[in-house]
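Listed below are the residues making up each chain.
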Amino acid sequence: KSGTRTMSNAPLTFAPILKPKVWGGHRLAQWGKSVPEHTPVGESWELADLPLSIDEGRSVVDSGMMAGTPLRRLIEHDPTAILGRCAPSADGGFPLLVKLLDAKEHLSVQVHPDAAYAAAHPDAHLKTESWVVLEAEPGAVIYKGVRSGVTPDRFAQAIDEGTVTELLVEVPVHAGECHDLPSGTCHALGAGVLVAEVQTPSDTTFRVFDWGRTDRALHIDQAMQCIDFNEPAPLTAPAVREADGVRTSFLSRTPFYAIERMDATQPVAVQIDPDGAPAVLMVIAGTARIDERTLERGRTMLLPAALAPQRMAMETGTSVLRITIDSSG
């Protein structure tokens, strides 16, 4: 037990959980993932702690004295050391799910439960997510929300006709952007886009359109109860702060988490202070060194809440996403 407690007070890295997907590709190999040559991989779950009903949905420590230990076991042993003042997920797990997604083809048009639906259906869970665009082929788009003036009846008719994408807001995307998708937003990740996805830990997804694929179920009745028909907020430029060789861009702040991007404009050592709440670091360019460990591009580290302040060394051109959890739970 003393070993578990010690590990809770050290930075944690986890074995990626690769998810083959019909829409996936092989670009995650360039992000340090072991992608099989003949299998399209759509997702790498970097930090996951979902209910046991989700197949392969729990991260396991991959280095250090607690290698092989599931994150859930560390939380159960000493929740305060990992979570600090932050509330766990509904089933007692870590309250974020962090992924890399490689969309070689369009993902299905889908929606996640809104508050009213989740309140009426205990097995469904709210899911707010954000996409930090890491790569985007020329002309790539995402679908994000319903066009202004579209009624539920018109939308339902378009689902029947297979023309639903004509009623969605089509957004050209570029590397560096962050798109927030609150629960109830009808959305789809477009072909040619690779993103870091940060979300609340739920896998409840209702599909309304799947681009002619016939091997996956649609969930039209449930989706129609959840879709927000208000026009989505436009993308705005993030606030930026430059100090001491680091340019910090404040990409997202939802009720559940915040995402910052730190770009080193010169060789620098940044102090990262968990300050009583867990933080997640993902290297998206260059390499970072923390706790005598080098994190390559595509690697993710969890800093437990009880951790002492850490120094993170970054070379010029290194970029790191820092994800923090809203402390109110």
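Residues numbered from 1 in each chain as written. Predicted model: local features only at pLDDT ≥ 70, side-chain atom pairs only at ≥ 80, totals over all residues. Heavy atoms only, no water.

## Side note on the layout of surface pockets
- In this structure, the largest pocket spans a volume of roughly 530 Å³.
- The wall of the largest pocket is formed by 30 residues, among which Lys144, Asp180, Ala233, Pro234 and Leu235 lie closest to the centre.
- Going through the elements one at a time, β7 (141-146), β9 (178-181) and β14 (246-253) are the ones with two or more residues in the lining of the largest pocket.
- Per-class residue counts for the lining of the largest pocket are 15 nonpolar, nine polar and six charged. (1 Å grid on protein atoms, 1.4 Å probe; cavity = no way out; pocket = protein on both sides within 12 Å on 5 of 7 lines; lining within 4 Å. Points joined across faces, edges and corners; volume = space filled by probe spheres on them. Helix = DSSP H or I, 4+ residues; strand = E, 2+ residues; numbered from the N terminus. Nonpolar A, V, L, I, M, F, W, Y, C, P; charged D, E, K, R; others polar.)

## A short note on the side chain of Glu197
- Turning to its location among the elements, Glu197 is positioned in strand β11 (residues 193-199).
- Here the side chain of Glu197 touches Trp131 through a polar contact of 2.7 Å, side chain to side chain.
- Residues contacting Glu197, with those up to four places away along its chain left out, are Leu97, Val98, Lys99, Leu101, Glu129, Ser130 and Trp131. (Polar contact = N/O pair within 3.5 Å; in protein donor to acceptor, adjacent residues only side chain to side chain. Contact = heavy atoms within 4.5 Å.)

## Structural notes on the pattern of salt bridges
- Counted by the stated rule, this structure contains 15 salt bridges.
- Among the ionic pairs, Asp62 bridges to Arg299, the shortest N-O distance being 3.1 Å. A residue pair is termed long-range when its members are at least 10 positions apart, and Asp62 in the loop between β3 (41-47) and α2 (71-77) and Arg299 in the loop between β19 (293-295) and β20 (300-303) qualify at 237 residues.
- With its nearest N and O atoms 3.9 Å apart, the salt bridge here joins Arg247 to Asp263. Taken as a pair, Arg247 in strand β14 and Asp263 in strand β15 (residues 257-264) lie far apart in primary sequence, 16 residues in all.
- Here the residues in one salt-bridge network are Asp49, Arg58, Arg72 and Asp91, joined through shared partners. (Salt bridge = Lys/Arg side-chain N within 4 Å of Asp/Glu carboxyl O.)

## A word on the state of the cysteines
- For the structure shown, the criterion picks out zero disulfides.
- Cysteine Cys178 is unpaired, with the sulfur of Cys86 as its nearest cysteine sulfur at 19 Å.
- Between Cys186, a cysteine without a disulfide, and Cys226, which holds the nearest cysteine sulfur, the sulfur-to-sulfur distance is 11 Å.
- A relative accessible area of 0% places Cys186 in the buried class. (Disulfide = S-S within 2.5 Å. Buried < 20%, exposed > 50% of the residue type's maximum accessible area, 1.4 Å probe, protein only.)

## Examining the sheet that holds strand β22 (residues 319-325)
- One open sheet holds the seven strands; their spatial order is β1-β20-β17-β22-β15-β14-β13, and the pairing between them is antiparallel. The sheet terminates laterally at β1 (12-13) and β13 (239-243), the two strands that pair on one side only.
- Inspection of the sheet shows β13 paired to β14 by five bridges, in the antiparallel sense. Bridging across to β14, Val240 finds its partner in Ser249. (Pairing = 2+ DSSP bridges.)

## Description of the packing of aromatic side chains
- Tallied over the entire structure, the rule returns four aromatic pairs.
- Taking the centre distance of 5.9 Å and the plane angle of 50 degrees together, the rings of Tyr143 and Trp211 count as tilted. Here Tyr143 is found in strand β7, whereas its partner Trp211 is found in the loop between β12 (206-209) and α6 (220-226), with 68 residues between them in sequence.
- What makes Tyr143 buried here is its relative accessible area of 7%. (Phe/Tyr/Trp six-rings, centres within 6.5 Å; stacked < 30°, edge-to-face > 60°.)

## Considering unusual backbone geometry
- You will see that Trp211, though not glycine, has its phi angle at about 55 degrees, which is positive.
- Judged by relative accessible area, which is 27%, Trp211 ranks as partly exposed.
- Although it is not a glycine, Asp244 adopts a positive phi angle of roughly 55 degrees.
- For Asp244, the position within the fold is in the loop between β13 and β14.

## So, the nonpolar core
- In this structure, Ile82, Phe94 and Ile259 are the most contacted members of the largest nonpolar core, which totals 36 residues.
- If you look at the next biggest cluster of nonpolar residues, it comprises 23 residues, including Val111, Ala124, Phe155 and Leu168. (Core = buried A, V, L, I, M, F, W, Y, C linked by side-chain atoms within 4.5 Å.)

## A word on helix α5 (residues 152-161)
- Taken as a whole, α5 has its buried residues at Phe155, Ala158 and Ile159. Down the axis of α5, the buried side of the element spans an arc of 105 degrees, and every buried residue falls inside it. In α5, the exposed residues that point more than 90 degrees away from the buried face are Asp153 and Asp160.
- Phi for Gly162, located one or two positions after α5, is positive at around 75 degrees. (Arc of directions from axis to C-beta.)

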